[in-house]
Amino acid sequence: MLLQCVVLCSLLVFVVSVASTSPLVGVHPLDEKYFESDIIRCKDGSNSFHRDRLNDNFCDCLDGTDESGTSACPNGKFYCRNIGSSPKFVYSSRVNDGICDCCDGSDEYESSIGCPNTCVMGGNVNYIYKPRTNLNKSVDRKLGSTTSLKDSNTLVSLQDMVKNLQGMKLVFALQLVLIGFLLILWMLRRRARSKRRRKNLPLNRLAN
């Protein structure tokens, strides 16, 4: 029974830690609002698709709006957050191709090579972002972005840091709960054994 509880709690920690990550793989944080609705329009206006078809490895938009996190669309762009270094866009055709194009290894999230995170740690707020493309600037205008590029990039960096810290705190809290639960089980089993010994003690005396 103890082993089953350990396995179940470990699975719970794993599921929650995975769920805490963003499902919008390869999408710039400032563009996440663009994908909140159930029916999403391609940025080039060529088509519309349901949110369930986002990153389903089938190209619905000519410009790759729906497949930023897969290599299905030749015109798609994958956004590397590269926290601690310079973020950048790479072609979606390079996603899961066995080559680490992002220094944080995010472009190989389903690859078996296991890219190490080689981004320079620290200085997440102070480093300078590279200018974004005209396509992404037009998307910012559609989303109602009025802040300057430098302020927006600083905000994105802070949001990434907060999300990572929240995920780490959640996993750490669940691990503490797991440890406490196991300690309680151990104490209950120890108490049950001591009760059995006390019950068996008079019987042994009578037998003697």
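Here we summarise the structure given alongside this text. Model, not experiment: these values are computed from the prediction.

Judged by side-chain polarity, Phe-172, Leu-176, Ile-179 and Leu-183 come together as a nonpolar surface patch covering roughly 400 Å² of accessible area. Position of Ile-179 relative to the elements: it lies in helix H3 (residues 149–207). Note on Ile-179: relative accessible area 48%, which makes it partly exposed.

Right, let's get into a positive patch on the surface. A surface patch of like charges, here positive, comprises Arg-189, Arg-190, Arg-191, Arg-193, Lys-195, Arg-196, Arg-197, Arg-198 and Lys-199. By the secondary structure assignment, Arg-193 is in helix H3. Assessed through its relative accessible area of 46%, Arg-193 is described here as partly exposed.

Okay, unusual backbone geometry next. Of note in this structure, Asn-55 is not a glycine but carries a positive phi near 55 degrees. Within the element layout of this structure, Asn-55 appears in the loop between strand S2 (48–50) and strand S3 (77–80). Unusually for a residue other than glycine, Asn-57 sits at a positive phi of about 70 degrees. Residue position: Asn-57 is located in the loop between S2 and S3. Judged by its relative accessible area of 52%, Asn-57 is exposed.

Under the counting rule described, the total for this entry stands at two aromatic pairs. Pairing Tyr-34 with Phe-35 gives two aromatic rings, centres 5.5 Å apart and planes at 75 degrees, and the pair type is edge-to-face. Residue Phe-35 is classed as buried on the basis of its relative accessible area, which comes to 2%. Taking 5.0 Å as the distance between ring centres and 55 degrees as the angle between the ring planes, the aromatic pair formed by Tyr-79 and Phe-89 counts as tilted. One end of the pair, Tyr-79, is in strand S3; the other, Phe-89, is in strand S4 (residues 88–91), and ten residues separate them in sequence. Between Lys-43 and the ring centre of Tyr-34, over which it is positioned, the NZ or CZ distance is 5.6 Å.

What follows is about the environment of Cys-80. Within the secondary structure, Cys-80 is located in strand S3. Under the relative-accessibility criterion, Cys-80 is labelled buried at 0%. A C-alpha to C-alpha distance of 8.0 Å links Cys-80 and Cys-103, two positions 23 residues apart in sequence. With sequence-adjacent residues up to four places away left out, Cys-80 is seen in contact with Pro-87, Lys-88, Val-90, Cys-102 and Ser-106.

In this section: the state of the cysteines. On inspection of all chains with the given rule, the structure shows five disulfides. Residue Cys-42 pairs covalently with Cys-61 via a disulfide, S to S 1.9 Å. On the S-S bond that ties Cys-42 to Cys-61, the torsion sits near -75 degrees, and the link is left-handed. You can see Cys-42 sitting in the loop between strand S1 (39–41) and S2 and its partner Cys-61 sitting in the loop between S2 and S3, a full 19 residues away along the chain. Take Cys-42 and Cys-61: they sit in the same class, and that class is buried. Through a disulfide, Cys-103 is tied to Cys-119; the S-S separation comes to 2.0 Å. One quick way to see it: the torsion about the S-S bond of Cys-103 and Cys-119 is about 90 degrees, and its sign makes the bridge right-handed. Taken together, the residues Cys-103 in the loop between S4 and helix H2 (134–142) and Cys-119 in the loop between S4 and H2 connect sequence positions 16 residues apart. On the basis of relative accessibility, which here comes to 17%, the residue Cys-103 falls in the buried class. Taken in N- to C-terminal order, the disulfide-linked cysteines of the chain are connected 1-3, 2-4, 5-7, 6-9, 8-10.

Conventions adopted
- Residues numbered from 1 in each chain as written.
- Predicted model: local features only at pLDDT ≥ 70, side-chain atom pairs only at ≥ 80, totals over all residues.
- Heavy atoms only, no water.
- Patch = residues over 30% accessible without salt bridge, like charges linked within 9 Å, V, L, I, M, F, W, Y side chains within 5 Å.
- Areas by Shrake-Rupley, 256 points an atom, 1.4 Å probe, with all protein chains shown as cover.
- Salt bridge = Lys/Arg side-chain N within 4 Å of Asp/Glu carboxyl O.
- Helix = DSSP H or I, 4+ residues; strand = E, 2+ residues; numbered from the N terminus.
- Buried < 20%, exposed > 50% of the residue type's maximum accessible area, 1.4 Å probe, protein only.
- Lys, Arg positive; Asp, Glu negative; His and termini not counted.
- Charge placed at Lys NZ, Arg CZ, Asp CG, Glu CD.
- Phe/Tyr/Trp six-rings, centres within 6.5 Å; stacked < 30°, edge-to-face > 60°.
- Lys NZ or Arg CZ within 6 Å of the ring centre and 35° of its normal.
- Contact = heavy atoms within 4.5 Å.
- Disulfide = S-S within 2.5 Å.

The values are spatial; any link to function lies outside them.
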